[in-house]
Structures are given as C-alpha cells and as structure tokens.
Amino acid sequence: MAFNSADIAAFKNVWVFCEQRQGVMMPTTFELISEGRKLADELGVELCGILLGDNVDGIAPELGNYGADKVYVYNSPLLKDFTTDAYTKVITEAVEELKPEVLLFGASNIGRDLAPRCAARLHTGLCADCTHLDIDMPNYKDFLKEASTLPEERINKLGVVKIAGQDHPVDRDLKMTRPAFGGHLMASIFCPRFRPAMATVRPGVMKKRECKKDVEILHPAFNLSAEDINTEVVEVVKAAKKLVDLIGADFIVSVGRGISKDVEKGIALAEELAEVLGGVVGSSRACVDAGWISADHQVGQTGKTVHPKVYVALGISGAIQHKAGMQDSECIIAVNKNETAPIFEVADYGITGDLFKVVPMLIDSIKAAKAAM
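Residues numbered from 1 in each chain as written. Predicted model: local features only at pLDDT ≥ 70, side-chain atom pairs only at ≥ 80, totals over all residues. Heavy atoms only, no water.

K.L.:
Explain unusual backbone geometry to me, please; I cannot follow it from the model alone.
P.N.:
Negative phi characterises most residues that are not glycine, and trans characterises most peptide bonds. Of the consecutive residues Arg195 and Pro196, the connecting peptide bond is found in the cis state with omega at 0°. Structurally, Pro196 can be placed in the loop between β12 (185-189) and β13 (197-201). In this structure, Gln22 is a non-glycine residue whose phi angle is positive, near 50°. Along the polypeptide, Gln22 turns up in the loop between β2 (20-21) and β3 (24-25). Residue Gln22 is classed as exposed on the basis of its relative accessible area, which comes to 54%. Look at Lys99: it is not a glycine, yet its phi comes out positive at around 55°. Secondary-structure assignment places Lys99 in the loop between α2 (84-98) and β6 (102-106). Residue classification places Lys99 among the partly exposed residues on the basis of a relative accessible area of 23%. (Helix = DSSP H or I, 4+ residues; strand = E, 2+ residues; numbered from the N terminus. Buried < 20%, exposed > 50% of the residue type's maximum accessible area, 1.4 Å probe, protein only.)

K.L.:
Help me understand the pairing of strand β10 (residues 166-169), please; the structure alone is not making it clear to me.
P.N.:
Side-chain positions along a regular strand alternate between the two faces of the sheet. Bridge count between strand β9 (residues 160-163) and β10: four bridges; the pairing is antiparallel. Opposite Ile163, over in β10, you have Gln166 as the bridge partner. Remark: two residues form the turn of the hairpin made by β9 and β10, two consecutive strands paired antiparallel; Ala164 in that turn has positive phi of roughly 50°. (Pairing = 2+ DSSP bridges.)

K.L.:
I would appreciate a short explanation of the environment of Ile229 in the present structure.
P.N.:
Following the sequence through the fold, Ile229 ends up in the loop between β14 (216-218) and β15 (251-255). Between the alpha carbons of Ile229 and Thr28 there is a distance of 27 Å; along the sequence they are 201 residues apart.

K.L.:
Just to check I follow, could you spell out the packing of helix α6 (residues 263-277) against helix α9 (residues 355-372) for this structure?
P.N.:
In a packed pair of helices, the relevant descriptors are the angle between the two axes and the axis-to-axis distance. Closest axis-to-axis distance for the α6/α9 pair is 10 Å, and the angle between their directions is 20°. Comparing their axes, α9 and α6 come out roughly parallel. Crossing of α6 against α9: the hand is left-handed. Side by side, α6 and α9 meet where Lys265, Gly266, Leu269, Glu272, Leu273, Val276 and Leu277 of the first sit next to Leu355, Phe356, Val359, Pro360, Leu362, Ile363, Ile366, Lys367 and Lys370 of the second. Along the lines of polarity and charge, the residues of the contact of α6 with α9 split into eleven nonpolar, one polar and four charged. (Axes fitted to C-alpha atoms, helices over the stretch in contact; angles between N-to-C directions. Parallel < 35°, antiparallel > 145°, perpendicular 65-115°, else oblique. Left-handed = near helix turned anticlockwise from the far one by under 90°. Contact = heavy atoms within 4.5 Å. Nonpolar A, V, L, I, M, F, W, Y, C, P; charged D, E, K, R; others polar.)

What follows is the structure, encoded as structure tokens:
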C-alpha cells in the first residue's frame, strides 16, 4: 500500500533523530530524547530513536538512560559521514515503513539541512527552531496563559480546528511553539492534516532528564547504494575556532545596552567578572545588533537558551525575548540603573545602580572571598 501522510490513524509513536558525529552522540540528542519521553507518555505510545552511522551500535544504549524504548540503528559505510541524500533516503523510507506520528530533529546544522528535505519527501509539515512542545491540552493551555498575550477566555476554548469543513480535535496533535517576527512574537503551530508532525528544536531549550529504560536495539533492513548519493565527502577538516560555550556554562555574565557609554570597558568588566566566577560572557540581542559583540554570545529567543547556576545581567532591561532565554537559570543577579526594568521581575537578586561602579565592587568581593577560603 502506498504511503499516505494524510492517513493519520495509521501513525503511532514518537521518534527522535539521534545525531552523532564521529561516533559521539550530540548533547542535543539527549535533550530531545528527554522531551520525547514526555510527549510519548502524554500520547501513551513508545519513544524511539533513529540512529544512522557506521558501526554506531555501541552508542545506541546511551539513549535508554534518557527514556528511549527502542532505537532503530542503520549502519553502513555510506552513512559514516553525513550527506543529505543518504540520510534523507534512509529516514524517509523508515518513516514510510514504520509510520511514527511525531518526528523530532535538533536545530543543528545537520538537523536544519535534513529535516526540511525529509518533510518535503513525506508530504508533511515542519515547524523549525521550536522552543516549546506539548501534546496534553491542559498543559498547553497553562503554557499559553503564562507565555502568550491571548485572553484567557479564548485559550480555554481551544481544542478543535476545522479541516475541510469538519471539526478536528487537536488533543493528539503536537503543539509546537517558536519565535516569530524576529523574536517579537511566539507562534504556536499545529499540523492536523498530515503525519508525522515534524519539528526542529533549538539546542539548550529542553532539559536532559534521566529516565532509565531497558532499551531495545533494532536493525531494520534497508537499501542504500553509492548511486543514491550525489555528493562525496572527500575529506573532513576541523577548523579551530574559539566559540563561547553558553549552553554548557555554569556561570554567565551577560551585557546589554547599558554598556553603551563605554562599550569596551563594559565588555572588559564582564570578562573580568566572568573570569573570577569561572564562567563566560553572554549578551543581549541589542549588543549583537550594534556590532559590539559576536552573535555566538547572544542569549534569548533568537540566540541561545541557557540554564546556568548563576546568570548575571549587566545593563540588560529584560525584554521578553531575552528573558525567555535565561529565566530558568538557578540564580539570576541583575544590575540596572532603572529600578523598574523588567529584568528585576525574574531576578533573585537585584542591584539598582551603575554597572561601571557596581561590577568592580562585585569583582573585589569575590576575589576577597576566594582568598579567605
């Protein structure tokens, strides 16, 4: 029987594309498996990973630590290095055969290349760069009441959409939320007519949660030949480029528009404070747009989502786009001259003052505390 993406009843289970590079699982994979576990439990189905590579059986059991019920492993020398043609063929044919209702990818360079190609082949929708996923309607409505500006009365009425003039309940549909209009709005996306519902998810947004399972490793038969691949990877060259690791940092010191009166000194103070804390420097979008700091430092809806132990916000007003990327930090310390700045709404400790005077005192105090230990 031909594959029909509109035959919704034929699809079951949640799948996660498990990205690995040179035989090492990418951290985003564990985040997605953890989130997939939640979605699978809400649907009452199994969570399955799909892992492609060459001799990657050894890393497949790692997925059981985060809640995977099954892992479909596809081994071939032709899958050792990522090529869009090979990976798309294997994944789409696996979906056509096994029919998952949800398929998630990390919004990495590979995921952003691969997911759209798969969605087009499967004749289904794809929501890119998601920051929140839900199945359960009560959970989704609670999320909207917190994160959206929709009237509560309208949110409470959500639950049914019209498809070809017929009512369609969305209780089992994946509710995908992503930034829109440059991060100024949050858009909720549904895919009620086709399966699988597909999404790419921004790295660092979902939290890893250990949930040990006796994972089943399966090796489905598949066909892949050199003729299926239009490109050849001749050599893999790794460029040495120093990038800030915001997602993995325990301490982040971020700067905002408040450093404008002396940008160089403001960034230097942030770097010094980050150094004594053993952390890294982050930034609001305003600083990146102004060209004061590179984009890999940006925190927020259009930057990176972070969960450090301590987040220090220097001269950041706290627009909703920035808060969405850091409000889950364990401890937030804000320094701002404006006592009504929105950043103080999420801060555990707020200091009203000039960052150019406050930060040197913070640095001296931390150094003194360390010396006394």
